[in-house]
Amino acid sequence: MNESFDLIIIGAGPAGSAAAFTAAQEGVSVLVLEEHPKIGVPLACAEGLSRSTIEGYLQIQPDWVAQHLAGSIVRSPQGGEFTIEYPDVGWILDRKKFDPALAAIAETHGAVLKKSVRAIGIQDNEVIVEEDGATNKYLFRYVIGADGITSRVGRWMGIDTRLSTGEIEVCAEYMISNISVNPQYAYLIFGSKYAPGGYAWVFPKSEHAANVGLGLSPSKTKENAKSFLDRWIEEEFPDGQIEERVFGGVPAKILKRFSGNNFCLVGDAGRFADPLSGAGIANGIKSGVIAARNAVRILKGQKSRLESEMKAEILDEIRWHHRVRSVYMKLSDDDFKDIFEIAEKIFGGVTITDINTHQLVKHILLSCPRLLKLGFKLLF
Ligand SMILES: Cc1cc2nc3c(=O)[nH]c(=O)nc-3n(C[C@H](O)[C@H](O)[C@H](O)COP(=O)(O)OP(=O)(O)OC[C@H]3O[C@@H](n4cnc5c(N)ncnc54)[C@H](O)[C@@H]3O)c2cc1C
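Calculation rules
- Residues numbered from 1 in each chain as written.
- Predicted model: local features only at pLDDT ≥ 70, side-chain atom pairs only at ≥ 80, totals over all residues.
- Heavy atoms only, no water.
- Helix = DSSP H or I, 4+ residues; strand = E, 2+ residues; numbered from the N terminus.
- Rg over C-alpha atoms; globule rule 2.2 N^0.38 Å.
- Buried < 20%, exposed > 50% of the residue type's maximum accessible area, 1.4 Å probe, protein only.
- Contact = heavy atoms within 4.5 Å.
- Phe/Tyr/Trp six-rings, centres within 6.5 Å; stacked < 30°, edge-to-face > 60°.
- Lys NZ or Arg CZ within 6 Å of the ring centre and 35° of its normal.
- Domains from an automatic or database assignment.
- Buried area = accessible area lost by both parts, 1.4 Å probe.
- Salt bridge = Lys/Arg side-chain N within 4 Å of Asp/Glu carboxyl O.
- Polar contact = N/O pair within 3.5 Å; in protein donor to acceptor, adjacent residues only side chain to side chain.
- Nonpolar A, V, L, I, M, F, W, Y, C, P; charged D, E, K, R; others polar.

Brief notes about the overall build of the protein chain
- When you go through the protein chain residue by residue, the secondary structure sums to 10 helices and 16 strands.
- Relative to the globule expectation of 21 Å for 380 residues, the C-alpha radius of gyration of the protein chain, 21 Å, shows essentially globular dimensions.
- Along the first, second and third principal axes, the C-alpha set of the protein chain runs to 65 × 50 × 40 Å.
- Counting all 380 residues of the protein chain, 54% fall into the buried class.

This is the structure in structure tokens:
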């Protein structure tokens, strides 16, 4: 007789673990399947997390944090820089501690976590897995697909999760030591020389080490992300020691459907990453929590509020950011220059406690007739 669980979660990244601890806390039986032997390894992430995006969903513990951030240093394509002073804006996490810690919280609440177990299909109400060289099946009443950007759960449940070249940011990133950086600021670098249709970053892990990477749109260049990164690192950090190399992608797509009667996709699998910043940790956790909360309601015979909660908590903002991204993708380096001059006037010499992107975009568009032409539709 196959083992049976109320809820099976496929993938133990932040989204899957958040779903697991949320549901386990409510007393339903939860099984989490993770294909790798170690949670959080391998990892494709710069580990940045802004406080405002996660508030109300997760209390960040000191030992998950590599660096506390006090703002950002923004660089224009022409090389100018300005600083956004934003105390307590967020953190550079240590995801090799963070991801296992979230999975451990789920286990503490009673979730069963099986590592080195790979889901290979779903048939009726059974997940088929490869486990210890054998094929096994686990019965579920509800299943959550938290299997990341390369998700197959969606396809198994009849959802088209394919990403076209315009719907993905392709990323290359190295963890570099033997460099000198201000550890309190995340560097954000814009322009076609570094990352066409995206941006480059230096996210400090200490004074002498950082995640240095970039995400670009393959619809904007034929050259691969690694070439851009190698060229930039050679120029910016010639003496840097490359400790780790990661390559991956961030989805920038809204699915027509992310759930059904007995399943939901969350995190990158559900295409919930922020299409503008490429940040997926916070929305992964939020979508995991919301999906699990509503799975529990369904399992207990109550009415689900999945669609409305996802919309209010995540999708409204994602939709807005998609619209901003569509304008962002059209910007030239000269447009960036204008935007930088406007942004420098807004942020220079002040300390902020919040950024309202609607107001910021409106202000920038209204300050420059060329940009207003490009982004007119964003205002209305
Ligand atoms: C280079 C790069 C830098 C990034 N930097 C940031 C950043 O600074 N901040 C930020 O917020 N986001 C960042 N992101 C995005 C972020 O990493 C993801 O959005 C986030 O990890 C998504 O979490 P998740 O739980 O949905 O998926 P994942 O973290 O990808 O976890 C999915 C899990 O599912 C498991 N899995 C997959 N298939 C199966 C299967 N068939 N059976 C069992 N297990 C399976 C995988 O092993 C994995 O553990 C970055 C992405 C890239 C590529």
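Concerning the side chain of T161
- Structurally, T161 can be placed in the loop between α4 (153–156) and β10 (168–177).
- Overall, the relative accessible area of 4% leaves T161 in the buried class.
- With residues near it in sequence (within four places) discarded, T161 still touches S151, G154, K253, L255, L265, A269 and R271.

A few points about the packing of aromatic side chains
- One pass over the full model with this rule turns up 15 aromatic pairs.
- Relative to F272, the ring of F258 has its centre 5.4 Å away and its plane inclined at 70°; by these criteria the two rings are edge-to-face. In this pair, F258 sits in the loop between β14 (241–251) and β15 (259–260) while F272 sits in the loop between β16 (263–265) and α6 (281–299), placing the two residues 14 residues apart along the sequence.
- Relative accessible area serves as the criterion here: at 1%, F272 is assigned to the buried category.
- Ring pairing ties together the aromatic residues F82, F190, Y199, W201, F203, Y328, F336, F340 and F347, which thus form one cluster.
- If you follow R231 out to its NZ or CZ, it ends over the ring of F228, 5.0 Å from the centre.

Concerning the domain arrangement of the protein chain
- Looking at the assigned domains, one finds that the protein chain contains domain 1 (4–44 + 95–163 + 254–325), domain 2 (66–89 + 165–251) and domain 3 (331–374).
- On a C-alpha basis, the centroid separation for the pair domain 1 and domain 2 is 28 Å.
- Both sides of the domain 1 and domain 2 interface together cover about 1,000 Å² of buried area, and 53% of this is carbon and sulfur.
- When the buried area of domain 1 at its contact with domain 2 is split by residue, I149, L163 and R325 rank highest and sum to 45% of it.
- Viewed at the interface, domain 2 and domain 1 are joined by two salt bridges.
- Between E169 and R325 there is a salt bridge whose closest N-O contact spans 2.9 Å.
- Counting every contact that joins domain 1 to domain 2 gives four residue pairs in polar contact (both at pLDDT 80 or more).
- Residues belonging to the side of domain 1 that touches domain 2 are distributed by class as follows: six nonpolar, two polar and five charged.

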